[in-house]
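# Topology and contacts: notes
What follows is each chain in one-letter form.
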Amino acid sequence: MAAITVDDGFCKGCGLCVDACPAHIIELDRSRITAKGYHPARLIDASKCTGCCSCALMCPDVAIEAMR
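Reference entry: report on the structure contained in this document. Everything quoted here is computed from the prediction, not taken from an experiment. Every residue gets a number counted from 1 within its own chain, in the order that chain's sequence is written. In keeping with the predicted nature of the model, local features appear solely for residues at pLDDT of at least 70, side-chain atom pairs appear and are counted solely at 80 or more, and the whole-chain, interface and lining totals rest on all residues. Hydrogens and waters are ignored; side-chain quantities use all the structure's heavy atoms.

## What to know about the pattern of salt bridges
Put simply, a salt bridge is a Lys or Arg side-chain nitrogen that is within 4 Å of an Asp or Glu carboxyl oxygen. What the rule picks out here adds up to five salt bridges. Where Asp29 meets Arg32, a salt bridge forms, and the shortest distance between an N and an O atom there is 3.7 Å. Judged by relative accessible area, which is 5%, Asp29 ranks as buried. A simple rule labels every residue: compare its accessible area, found with a 1.4 Å probe on the protein chains alone, to the largest value its type can have, and call it buried under 20%, exposed over 50%, or partly exposed in between. Note on Arg32: relative accessible area 36%, which makes it partly exposed. Close ionic contact of Lys48 with Asp45 constitutes a salt bridge, the shortest N to O distance being 3.8 Å. Accessibility expressed as a relative area gives 51% for Lys48, which makes it exposed. Put simply, Asp8, Asp29 and Arg32 are held in one network by salt bridges that share partners.

Following this line, the structure appears as structure tokens:
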């Protein structure tokens, strides 16, 4: 099963990964704020992740790692 991990230390909550995900399974976590003051991205349904890496490729801060 594919999945992604988001490094909260680098994620600035820009939302580019949310827009890039073809499965629409990434969202900004409005219930959390990082130490830098951002809402980090999170995977909401790992069972639908295909491991396409679109989110990781779009991330300008290299905060996302995709695993297949």
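## Section: the environment of Ile25
Each helix is a run of DSSP H or I of at least 4 residues and each strand a run of E of at least 2, with the numbering of both proceeding from the N terminus. Its place among the elements puts Ile25 in the loop between α1 (16-20) and β2 (26-28). The class for Ile25 is buried, based on a relative accessible area of 4%. Taking C-alpha positions, Ile25 is 5.3 Å from Ile44, a pair spaced 19 residues apart along the chain. Each residue touching Ile25, except ones within four places of it in the same chain, is listed here: Arg42, Leu43, Ile44, Asp45, Lys48 and Cys49. Note on contacts: a residue pair qualifies if any of its non-hydrogen atoms lie within 4.5 Å across the two residues.

## A word on the nonpolar core
Definition used in this section: a nonpolar core is a set of buried Ala, Val, Leu, Ile, Met, Phe, Trp, Tyr and Cys residues joined via side-chain atoms within 4.5 Å. Membership of the largest hydrophobic core comes to 14 residues, with the highest contact counts inside it found for Ile4, Cys17, Ile26, Ala41, Cys49, Cys55 and Ile64. Those residues in contact with Ala41, other than ones at most four positions away along the chain, are Val6, Cys11, Cys17, Ile26, Glu27 and Leu28.

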